[in-house]
Number of protein chains: 2
Amino acid sequence: MYTISDLAEQFGVTPRTIRYYEELGLLTPSRTEGGRRIYTASDVTRLKLVFRGKRFGFSLDEIKEMVLLFDEDRTGEKQLKVTIQYGEEKLAEVNERICELVEVREEIERLLTEFKGRLSE
Amino acid sequence: MYTISDLAEQFGVTPRTIRYYEELGLLTPSRTEGGRRIYTASDVTRLKLVFRGKRFGFSLDEIKEMVLLFDEDRTGEKQLKVTIQYGEEKLAEVNERICELVEVREEIERLLTEFKGRLSE
DNA sequence: TATACCATTCACGTTAACGTAAAGAGCAAG
DNA sequence: CTTGCTCTTTACGTTAACGTGAATGGTATA
């Protein structure tokens, strides 16, 4: 069980950021008797997903769509098929991203060896 | 040689976006006699880098720092060393990103096989 | 139980990254 | 050379993602 400033410190943001995410429906922590927010371990993993999404340039709305979709109860064949469809699209996107990053890495390595070569003259 | 709306269409943005990037110093296209912007192939590659940066969640300021650094004339040993230092930092970042994305991919694949298993019952 | 420090909810402010509208000028086609 | 479209600058508007008080209330500790 964590307080809001615990999480804020852990993720390097302000409490306001966490409250804002709740305002958007990304989190729904429970409260104490006195009305204070308390966060569980599953809130922490949820937050990890959110920040990971941010690191890859997704908007908070897109992130919401993703975390909620993979979080709902996937009973019902139709729902399950839709989820699988969505998951495969996301998988393709991720694969493209990886390819692109690998290209970027090769480009940087190429530049680095060129610069180092110039330096040793 | 391209007009501003050529590039806008090619990259799926509005001319205003391209002008805004110029305003920030990300591009410096030449002009016709009448004052209209004309873009060369090297402007196109520059723009590709910009949009690639955006896809990975960098701000336009960070992108500017990167494209300008790798674009200047790298004479002078000191400048060269600074550039190499910077490049190695970026390389480490890119490698981290790749690792993270590979984890995401495994997670998605895990979820997909689980859902598909449930579907075939 | 007092006090010092958290927390809470408004509510307005800020910045990045453009959108949009107005007023004028370039330019290709007929 | 005029018509119609595209381009130019200027300038104000917009939205996402928070920042920053202000006023108030909970809570651990001396």
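Residues numbered from 1 in each chain as written. Chains lettered and ligands numbered in written order. Predicted model: local features only at pLDDT ≥ 70, side-chain atom pairs only at ≥ 80, totals over all residues. Heavy atoms only, no water.

Draft legend 1. Fine view of the relation of the copies chain B and chain A. Screw-axis analysis of chain B against chain A gives a translation of 0.0 Å along the axis, an RMSD of 0.1 Å, and a rotation angle of 180 degrees. Here the transformation between the copies is reduced to the relation of a two-fold axis. Taking the C-alpha atom as reference, chain B places B:Gly57 closest to the rotation axis, 1.8 Å from it. When the interface residues of chain B are mapped onto chain A, 100% of them again lie at the interface, so the same face is used by both copies. (Least-squares fit on C-alpha atoms with pLDDT ≥ 70 in both. Contact = heavy atoms within 4.5 Å.)

Draft legend 2. Representation of the protein's contact with DNA strand D in the model. Around DNA strand D, the surrounding shell holds 20 residues, and the nearest of these are A:Thr14, A:Arg36, B:Ser5, B:Arg36 and B:Arg37. Backbone atoms, meaning sugar and phosphate, make up 66% of the atoms of DNA strand D lying within 4 Å of the protein. Separating a phosphate oxygen of DNA strand D from a side-chain N or O atom of B:Thr3 is a distance of 3.1 Å. Between DNA strand D and B:Ser5 there is a distance of 2.3 Å, counted from a phosphate oxygen to a side-chain nitrogen or oxygen. Going through the elements one at a time, helix H2 (15-23) of chain A together with helix H1 (4-11) and helix H2 (15-23) of chain B are the ones with two or more residues in the surface near DNA strand D. Ranked by the residues each element gives to the surface near DNA strand D, the list is headed by H2(A), at 4 residues. Class assignment of the residues belonging to the surface near DNA strand D gives a composition of 4 nonpolar, 8 polar and 8 charged. (Near = heavy atom within 4 Å. Polar contact = N/O pair within 3.5 Å; in protein donor to acceptor, adjacent residues only side chain to side chain. Helix = DSSP H or I, 4+ residues; strand = E, 2+ residues; numbered from the N terminus. Nonpolar A, V, L, I, M, F, W, Y, C, P; charged D, E, K, R; others polar.)

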